[in-house]
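Chains, contacts and geometry: an overview
The residues making up each chain are set out below.
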Amino acid sequence: MTFRNSEPDAPQSSQTGVSLQLDGNPPAPRRMRVKHLRRWMTHAVIVVYLSWLGHGVFCHALQYRVSAHPLMYFTVWDMFCGWSGWSYRTHVVAEGESGKFYELTPTPWGEYHAYGNLSREHYDNFANHSRQIGFNCLKQTAHEPMTRVYVIGETWSKKFNLPDPLWQRIHDEPKQSKTYFNVNAVYQSDGTLLSLRPSFRESHQASWLAASLQGQKGQGRQQMLLGSTFEN
Amino acid sequence: MDAQAVNQSSVSFVSSVRRFFYTEELPYGLAIIRIGLPLILLCVVIPRWSHAREFYSTDGATAPMALNYGMQDFLPEPSGTVAVAMMTGLIFCLVASSIGWHTRIALAGSWGLYTYLNMLDYLSTLTKYSVISSHVLLLLLLSNCGAIWSVDRLRSRSRNDSRGENPSGGRSSRAAAWPRRLIQLFIGIVYFGAAFTKMHIVGFLSGDQIRFWLLTNMNGPKPLGEWLAMYPELIITMSHVALIWQVLFLFLCWRGRMRGVMLVVGGLFHLSTIWLLGLAIFPPIMLLTYFAWLHETDVRRIQFHFRSLVTGTNRNGFGSAAERIHALSRRLRGFAPKIPLPSALLFSLGLVASVAAGLEIEYHMDPYGHRRPAGPYALQPIPETRVSELFAKPDRMRDEDKFFALEMGTETLGGVVVHRRDTYEPGSQVIAQCALVPPHEDMWVECRLSDSYGRQLHVFGQAVTRDMLRVNFTFQLPHDLESGDYRLTIRCNSNDMLSRNIRVDSPTSVVLSN
């Protein structure tokens, strides 16, 4: 169905046969319908998109279901949401049947530095992916049969990241950095989790809490918390 | 208020919203973002291409972001070959998006591949700047950004020229402003959300969070980062300004002088993160998105100034450059129809050829070394000393690791010592502030003042609970204190943690020495 212009000399579109207005624009209802449909689709896109962004801000502001779904990462703007006074690094080490140990990170085919001068395992703050990196290294390399794979955390106080000239400006004492190592997870050669332990920082926080709750009795509990909390 | 007034106000609101989203304009700002964003992303994507098999495929070690949300198989993981093909296709699509060749298809490919591959590598690919890029690519995909300054534009003009049709100038390139408006709203909402993060964090407004971030070596080099960590009062001031700016941006960035103020503060903020936090990609992406505020009238104004310069004072410089650009544009237009293949076919062939080339190159690169003459890489055993270091029995945290620095002065601002001094007069007030490194347990901390012979003159003690990030010892030096060198020492568990020398000079001795 087309509306035809009542003017007998109205220009006609050569391809569609749709009548044109005097200003040259096609007023045909099909085109109008398409135009209306596009306009309403545009309305919908704007409303849906802004609602999605608004939902993210609302959830983030009220701390409501911010981890409910991976897509929340696309609408929750939690840049620099966490911080620590400690620097962390991750090492993945395998133990062979001969009793020798092998470092699986950095990988022997070369490491990629994504943001600074660190390879990717050091960005695994929650230790969710280090196992995968270690076992991929075992899969792609030649080696003796392995018995265990260890994920080890390395930690030091960030105050020692100060360059020496700046250190000397605010400290009279020499810079004596100390690095702590802590086995965070142990896996069997087939990937089965054998032991999962709190990080260095978590184990200390737990031990301080236990000590303050139980007084002298906490010393025993302290030792336990510094060991493993999950054994398979 | 009567019904008519209510009706009028609602009509005016609707018409304002309609004007805001649907005013037709030439997409200058979006075209700049379309050209620039893929180029920035190429700086990220090309270096990762040779690691595609390792980062994004079942033949490597993916780090799916969904795993952090407790979802095991949220997205399918491609095989190694498919991952390399996708990564190569992404590079092709980003290049095509930047030059505006089949812009919408290229942007769709860029957006889909970039977002998907990002979600497979939480560790070294997915960050907030990649999420922001995904949003902007999506909005560009929905826009008419390829209508100007693009191969598509050259092609359409060439078609019009060959048909003898009069090109309609900018009229056919005009489109509703809503994609540009959505990018503006998106950036404002990002800042607004980031402001909520800052409000939630204990230690942001006190400067402690930023101070420790400035000392974090996870990003690139940051020549000013550690230096700024020495001045917590500056950090506190900047943290407050950043928070206020992020809250206000969404409401004040639209018109008038405040638009300029908001954008200039934002520009300075993002530029500063390059030198303070070592960010390399985030700032250029955010600065590029500010072109969403570039309105057609701004471009006209710039063109007017450019033309007045050309026709006025500096014809030789700008004039000849403009003529050269115009001539180049004419030449490019003439070049397009000479290609004997349809553009869509050429685009498809280019995509297929680049993917095939990418697969071939990656095969010969042999990232895992499986086809090396020496065979796969062999793991080398690590020395015993290193094994003992890695598997040493966990030590208890040293007390000195919990004490960041001792700073002394006479005033505090925002909770930190300002007006730092090492020399005091007898009877003056001293604030000794000990900054702490979290976490720490509840502690009893002492501050001791001793003379140059080590004789203890005063001791002040304070309980420090686990939530405290600083502890202040405020005391007055005795009026009869002799001039000389003294030492302030912070002690915990009967051990010295931090110490600083101070000098006490009576006014008379200062006069005498002068």
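Everything that follows concerns the structure shown earlier in this document.
Bear in mind the structure is a predicted one, so any value in this text is a computation, not a measurement.

**Some words on the overall build of chain A**
Helix and strand content of chain A: five helices and six strands. If you list the helices and strands of chain A from N to C, you get α-β-β-α-β-α-β-β-α-α-β. Considering chain A as a whole, with its 232 residues, one finds that 45% of them fall into the buried category. Counting only contacts in chain A whose residues sit at least 6 apart along the sequence, the fraction spanning at least 24 positions is 53%.

**Observations regarding the interface of chain A and chain B**
Each partner contributes to the interface: chain A provides 101 residues, whereas chain B provides 111 residues. In total, chain A and chain B occlude about 9800 Å² of area from one another, counting both sides; carbon and sulfur atoms represent 65% of this. Area buried by chain A at its contact with chain B is led by Y73, W83 and R120 of chain A, which between them contribute 9% of it. Applying the counting rule to chain A against chain B returns seven salt bridges. A salt bridge links R487 of chain B to D172 of chain A; the shortest N-O distance between them is 3.9 Å. Between chain A and chain B we count 47 residue pairs in polar contact (both at pLDDT 80 or more) in total. With 12 residues, the single largest contributor to the side of chain A that touches chain B is helix 1 (residues 29-62) of chain A. A breakdown of the residues in the side of chain A that touches chain B according to their chemical character gives 52 nonpolar, 33 polar and 16 charged.

**Things to note about the environment of L481 of chain B**
Residues and elements named next belong to chain B. Turning to its location among the elements, L481 is positioned in the loop between strand 9 (470-476) and strand 10 (484-492). Considering only alpha carbons, one finds L481 and S506, 25 residues apart in sequence, at a separation of 8.5 Å. Non-local contacts of L481, meaning those with residues more than four positions away in its chain, are made with P426, L457, Y486 and V504.

**A word on the sheet that holds strand 4 (residues 416-420) of chain B**
All names here are of chain B. Read across the open sheet, the four strands follow the order 4-3-6-9; overall the sheet is antiparallel. Looking at the sheet topology across the chains shown, the edges are occupied by strand 4 and strand 9. Pairwise comparison of adjacent strand axes, ignoring direction, gives a mean angle of 40° for this sheet. When strand 6 (residues 429-436) meets strand 9, the two strands line up antiparallel, connected through seven bridges. Its bridge partner being in strand 9, V430 is matched across the sheet by F475. Helix 11 (residues 232-252) rests against strand 3 (403-413) and strand 4 of the sheet, and its axis sits at about 125° to strand 4.

**Things to note about empty space enclosed by the protein**
By the definition in use, this model includes four cavities of 30 Å³ or more. Taken as a whole, the largest cavity holds about 80 Å³ of empty space. The wall of the largest cavity is formed by 13 residues, among which T107, E111, R120 and E121 of chain A together with E54 of chain B lie closest to the centre. Of the residues belonging to the lining of the largest cavity, the class tally is four nonpolar, five polar and four charged.

Reading guide: rules and limits
- Residues numbered from 1 in each chain as written.
- Chains lettered and ligands numbered in written order.
- Predicted model: local features only at pLDDT ≥ 70, side-chain atom pairs only at ≥ 80, totals over all residues.
- Heavy atoms only, no water.
- Helix = DSSP H or I, 4+ residues; strand = E, 2+ residues; numbered from the N terminus.
- Buried < 20%, exposed > 50% of the residue type's maximum accessible area, 1.4 Å probe, protein only.
- Contact = heavy atoms within 4.5 Å.
- Buried area = accessible area lost by both parts, 1.4 Å probe.
- Salt bridge = Lys/Arg side-chain N within 4 Å of Asp/Glu carboxyl O.
- Polar contact = N/O pair within 3.5 Å; in protein donor to acceptor, adjacent residues only side chain to side chain.
- Nonpolar A, V, L, I, M, F, W, Y, C, P; charged D, E, K, R; others polar.
- Pairing = 2+ DSSP bridges.
- Axes fitted to C-alpha atoms, helices over the stretch in contact; angles between N-to-C directions.
- 1 Å grid on protein atoms, 1.4 Å probe; cavity = no way out; pocket = protein on both sides within 12 Å on 5 of 7 lines; lining within 4 Å.
- Points joined across faces, edges and corners; volume = space filled by probe spheres on them.

Taken by themselves, the reported measurements are silent on function.
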